[in-house]
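One letter stands for each residue in the lines below.
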Amino acid sequence: MKLQTALDTLTIQQCIDLLEKTRGYVDIAEVGTPFIIEQGMVPVKTLKERFPEIEILADAKIMDAGEFEADKCFDAGADIVTVLGVSNDETIKGGVRSARKHNGKVMVDMIAVKNLVERTREIDLMGVDYICVHTAFDIQALGNDPLEELKTVNSVIENASSAVAGGVKLATIDDIVAEGAEIIVVGGAICNAKDPAAMAREMKGHLK
């Protein structure tokens, strides 16, 4: 299991400071969608150059022009790029083609997918590396969490590995770990902690 931390609202320097403090505990550093909207591929390039041992995920949430847009992310140094599960099949396949060219990986984000079982089966046949269940930020306040969707995806996939994101915290991580996911994404629980290094170490300790 890998621990991924989502970097959404920090400055580049704050991200560098956090990754320095959490070195050895964080396996994947996610340059979040808000960060990409604000600064483009600069954080991807900067963090990969500074932390070559950490996988860098560009959370581009690609919805169209899959190969073209994924190329831009991989060219900047991303190891993993996200494509939305609600996008067209050809968009996802384009992301996969790009990943194969760059020796990278594709994570399909299942945020807002309604027909989860059917869509997971379809995407699992497209050659993607990860299928990520994701409880949207905008509905986390309603008490939603991704565990049930993770169970659904795990019951269907045969080729890809699963990942889970959206409000993961210490109170919920053990149940998620017990269900099983290759990547567990933690955002605010680490980034907003009084001691991010201690929180990352504790979170990592719960992973198998």
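Anyway, here's the lowdown on the structure attached to this text. Everything numeric in this text was worked out from a predicted model, so none of it was measured.

Counting its secondary structure elements, the protein chain contains 11 helices and 8 strands. Taken over the C-alpha trace, the protein chain has a radius of gyration of 16 Å; the compact-globule value for 208 residues is 17 Å, and the two agree within 12%. Seen through its C-alpha atoms, the protein chain measures out along the principal axes to roughly 40 × 35 × 30 Å. The buried share among the 208 residues of the protein chain stands at 52%. Taking the intrachain contacts of the protein chain between residues at least 6 apart in sequence as the baseline, contacts between residues at least 24 apart amount to 66%. Working note: accessible area of the protein chain is about 9,500 Å², and carbon and sulfur atoms make up 50% of it. Looking at charge distribution, the protein chain has the averaged site of its 22 positive side-chain charges lying 3 Å from that of its 34 negative ones.

For soluble globular proteins, nonpolar side chains are generally found buried alongside one another. One finds Leu7, Leu19, Leu47, Ile123, Val128, Ile131 and Ile184 to be the most contacted residues of the largest nonpolar core, which totals 60 residues. If you tally residues by element for this core, the top one is helix α1 (residues 12-21), at 5 residues. Ignoring anything within four residues of it in the chain, the contact list for Ile123 reads Gly85, Ile92, Val108, Met110, Val128 and Ile131. Among the nonpolar cores identified, the runner-up in size contains 11 residues, and Ala6, Ile28, Tyr130 and Ala163 belong to it.

To continue, consider helix α4 (residues 66-75). Residues of α4 that are buried: Gly66, Ala70, Asp71, Cys73 and Phe74. The arc that holds every buried residue of α4, seen down its axis, measures 165 degrees, which confines them to one face. What points out from α4, more than 90 degrees from its buried face, is the exposed set Phe68 and Asp75. Where α4 is buried, its residues meet α3 (42-50), β3 (55-62), β4 (80-84), α5 (89-102) and β5 (105-109). Gly77 sits one or two positions beyond α4 and adopts a positive phi of about 115 degrees.

Cut-offs applied
- Along each chain, residue indices are assigned from 1 in the same order as the chain's sequence is written.
- A pLDDT threshold of at least 70 governs which residues receive local features in this predicted model, and a stricter bar of 80 or more applies before side-chain atom pairs are shown or counted, although totals over entire chains, interfaces and linings include all residues.
- As a convention, hydrogens and water are excluded, and side-chain values are obtained from all of the structure's heavy atoms.
- Secondary structure elements follow DSSP: runs of H or I of four or more residues count as helices, runs of E of two or more count as strands, with numbering from the N terminus.
- Within these notes, the globule rule equals 2.2 Å times the number of residues to the 0.38 power, and the radius of gyration is based on C-alpha atoms.
- When a residue's accessible area, from a 1.4 Å probe over protein chains only, is under 20% of the maximum for its type it is buried; when over 50% it is exposed; and in between it is partly exposed.
- Whether two residues are in contact is decided by their heavy atoms: any pair within 4.5 Å suffices.
- Note on areas: Shrake-Rupley, 1.4 Å probe, and residue coverage restricted to the protein chains presented here.
- We score Asp and Glu as negative and Lys and Arg as positive, and we do not count His or the chain ends.
- Each charge is placed at NZ for Lys, CZ for Arg, CG for Asp and CD for Glu.
- To qualify as a nonpolar core, a set must consist of buried Ala, Val, Leu, Ile, Met, Phe, Trp, Tyr and Cys residues joined through side-chain atoms within 4.5 Å.
- As used here, the arc belongs to the directions running from the helix axis to the C-beta atoms.

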